[in-house]
Amino acid sequence: MTTAATRPDVKRGTLPVFATATAITVANIYFTQPLLDQIAHDFGISASAAGLVATAGQIGYALGIVAVVPLADRARLRRLSRVLLAVTAVALLAGAVAPSVALLGLATLALSASTVLPQVIMPTVASMAAPGRAGRVLGAVGTGLTMGALLSRTASGLIAQAAGTWRAGFLVAAAATAALLLVLPRYMPAGRPAGAATSGGYGRLLASLPRLLVDHAPLRLSAALGATAFASFSAFWSTLAFHLTAPPIGLGPAVVGLFGLCSVPGALAARYSGRLTDRWGPLAVNTVAVASAVAAFVLFGVAGRSLVALAVGCNLLGYGVTSGQTANQARIFTAGPGMRGRLNTVYMFAVFGGGATGSAVAGVLFSSFGWHGVVASGLGFLLLAALTLAWHAPRARRAGTRRGDGSGPTRTDADTAATPAVRG
């Protein structure tokens, strides 16, 4: 229901619906990860070859962000949401019947490219925030996104164990995505965003993206931090199934999926990072986020065979990545609503490009060096994040002092109040 975090004219129930929609749609990228061992056995391929399915999902999502999310600055969002949900459901059905790993990878690439609604929703909900509450609404919806990423692994593992095949997970995901067609479009704005750029074609919209990275220092900082942190996150989750199913641990896919459920407390705690961002600014939250993720990988390294230690580390990593995401998006969404979609495009492309890199690097290192190779890759990516934060923090503080756009508490722009109300 409408809370003090959103404007009074926002439709009742928008935040819960948006959070649920982001959870379901982002789950389509991650639910395959606990199934990779089954996929490898089914097609008779190596673990690293099966891991390319997860990598294809990350690449597809990054491509979809570039091709689709900029439309959030000019398209009719209700119509856009319907099209994307329909395409994703069809691609999931294609994955369920794929006869080879190559076709499965192509289906995963296609469904990931179309399941980018979370990154259309995020700039939309930022425009619905009450003054000074952008961090809170982003934290609420962002928590839904993280919960979907985590719980999808639990659900797909249990479904695969019960059905005896990884294909069942694709069928369930297709049904859940199709069900959103009945709900989500009703809560999306019927018209175009306030300040929407209607002149010029689609090509011109895409051509404006590189310039944003040049012109906006807060975007550069957020993109660098998001890419490196998410690379470490993907390195861990894309190889965890192999680590847990191999001797001496030797768990089944259902138990592997339960690690997503074990990570729920960390994701829920990260919701309050939005409040901290509003109060203390993105830089403070980014610092805590990187420290939390580093602590997780240290734990993975020293106690990687302990299920309890892995569960604790999952929570630390989930909290760190989700909190950092909230801070990073709050930093870039201080711009006007007419460009938030494109700013989020550049930011999320960097994030999921980092995720694809993390998955690929960790898959190679796991095959060559085992679990310690994965831990080393995660810590390496986080070291880059820490160096980036240390390098840019003084500049961001000075910029925030002058303009209030980088390090100080976030605020909703005056033009946010001019955004059309969401109507039923």
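Residues numbered from 1 in each chain as written. Predicted model: local features only at pLDDT ≥ 70, side-chain atom pairs only at ≥ 80, totals over all residues. Heavy atoms only, no water.

Enquirer: Could you clarify how one ought to interpret the overall build of the chain in this entry?
Expert: Along the backbone of the chain there are 18 helices and zero strands. Expressed as a percentage of its 424 residues, the buried residues of the chain come to 60%. Taking as baseline every contact in the chain between residues at least 6 positions apart, the subset at least 24 positions apart corresponds to 84%. (Helix = DSSP H or I, 4+ residues; strand = E, 2+ residues; numbered from the N terminus. Buried < 20%, exposed > 50% of the residue type's maximum accessible area, 1.4 Å probe, protein only. Contact = heavy atoms within 4.5 Å.)

Enquirer: Can you help me understand the nonpolar core in this one?
Expert: As a rule of thumb, nonpolar side chains are buried together in soluble globular proteins. By size, the foremost hydrophobic cluster in this structure holds 96 residues, and its most contacted members are Phe-18, Leu-184, Phe-236, Trp-237, Phe-300, Leu-317 and Phe-352. Setting aside residues no more than four positions away along its own chain, Leu-317 makes contact with Ser-232, Phe-233, Phe-236, Trp-237, Ala-293, Ala-296, Phe-297 and Phe-300. One finds Leu-221, Leu-225, Leu-389 and Ala-393 within the second-largest nonpolar core, a separate group that totals five residues. (Core = buried A, V, L, I, M, F, W, Y, C linked by side-chain atoms within 4.5 Å.)

Enquirer: What should I look at first to understand unusual backbone geometry in this one?
Expert: Trans is the prevailing form of peptide bonds, just as negative phi is the prevailing case for residues other than glycine. That bond from Pro-247 to Pro-248 is cis: its omega, 5°, falls within 30 degrees of zero. Take Pro-248: it is sitting in the loop between α11 (217–245) and α12 (253–262).

Enquirer: Looking at this structure, I do not really get the pattern of salt bridges. What am I missing?
Expert: Here the idea is simple: oppositely charged side chains can pair when their charged atoms come close. Scanning the entire structure with this criterion turns up three salt bridges. Here Arg-167 makes a salt bridge to Asp-42, at a shortest N to O gap of 3.9 Å. Of the two residues, Arg-167 sits in helix α8 (residues 167–180) while Asp-42 sits in helix α2 (residues 36–43), which places them 125 residues apart along the sequence. Arg-211 is paired through a salt bridge with Asp-215; the nearest N and O atoms lie 3.2 Å apart. Note that Arg-211 and Asp-215 are positioned in helix α10 (residues 209–215) at a spacing of four residues, about one turn of the helix. (Salt bridge = Lys/Arg side-chain N within 4 Å of Asp/Glu carboxyl O.)

Enquirer: Help me understand helix α7 (residues 134–163) in this model?
Expert: Each full turn of the α-helix corresponds to 3.6 residues, which orients residues three or four apart in the same direction. Helix length check: α7 (30 residues) gives 42 Å between terminal C-alpha atoms against 44 Å at 1.5 Å per residue, within 8%. Roughly 30° is the biggest bend found in α7, and it falls at Leu-151. Of all 30 residues that make up α7, 22 are buried, and the element is covered over most of its length. In the stretch just after α7, Gly-164 is the one whose phi turns positive, near 80°. (Expected span 1.5 Å × (residues − 1). Bend = angle between axes of the 7 residues up to and from the residue.)

Enquirer: What is the right way to read the confidence of the model for the chain from this model?
Expert: Scored by pLDDT, the chain comes out at a mean of 83, with 87% of its residues at no less than 70. Ranking the helices and strands of the chain by mean pLDDT puts helix α15 (residues 282–302) first, with 95, and α12 last, with 69. In this model residues 411–424 is a low-confidence stretch, pLDDT under 50, and it forms 48 contacts with partners more than four residues away in sequence or in other chains. (pLDDT = per-residue confidence, 0-100.)

Enquirer: Would you take a moment to explain the packing of helix α3 (residues 47–68) against helix α5 (residues 101–114) for this structure?
Expert: The description of two helices packed together rests on the angle between their axes and the distance between the axes. Interaxial distance between α3 and α5 falls to 7 Å at its minimum, and their mutual angle equals 35°. The handedness of the crossing between α3 and α5 is right-handed. Contacts between α3 and α5 involve Val-53, Ala-56, Gly-57, Ile-59, Gly-60, Tyr-61, Gly-64 and Val-68 from the former and Val-101, Leu-104, Gly-105, Thr-108, Leu-109, Ser-112 and Ala-113 from the latter. (Axes fitted to C-alpha atoms, helices over the stretch in contact; angles between N-to-C directions. Left-handed = near helix turned anticlockwise from the far one by under 90°.)

Enquirer: Which parts of the structure should I look at to understand the environment of Gly-95?
Expert: Relative to the helices and strands, Gly-95 resides in helix α4 (residues 77–96). Here Gly-95 falls in the buried class, since its relative accessible area comes to 0%. Sequence separation between Gly-95 and Ala-107 is 12 residues, and the spatial gap between their C-alpha atoms is 5.2 Å. Once you skip the residues sitting within four places of it in the chain, Gly-95 turns out to touch Leu-104, Ala-107, Trp-166, Arg-167 and Phe-170.

Enquirer: When you look at empty space enclosed by the protein in this model, what are you seeing that I'm missing?
Expert: Summary: where empty space remains is shown by rolling a probe the size of a single water molecule over the atoms. Summed over all chains, the structure comprises five cavities of 30 Å³ or more. Its boundaries defined by the atoms lining it, the largest cavity holds a volume of some 310 Å³. Surrounding the largest cavity, 27 residues form its lining, Phe-230, Val-321, Thr-322, Gly-324 and Gln-325 being those nearest its centre. At the level of secondary structure, the elements contributing two or more residues to the lining of the largest cavity comprise α1 (14–30), α7, α11, α15, α16 (307–332) and α17 (340–369). When residues in the lining of the largest cavity are grouped by element, the largest group, eight residues, is from α16. (1 Å grid on protein atoms, 1.4 Å probe; cavity = no way out; pocket = protein on both sides within 12 Å on 5 of 7 lines; lining within 4 Å. Points joined across faces, edges and corners; volume = space filled by probe spheres on them.)

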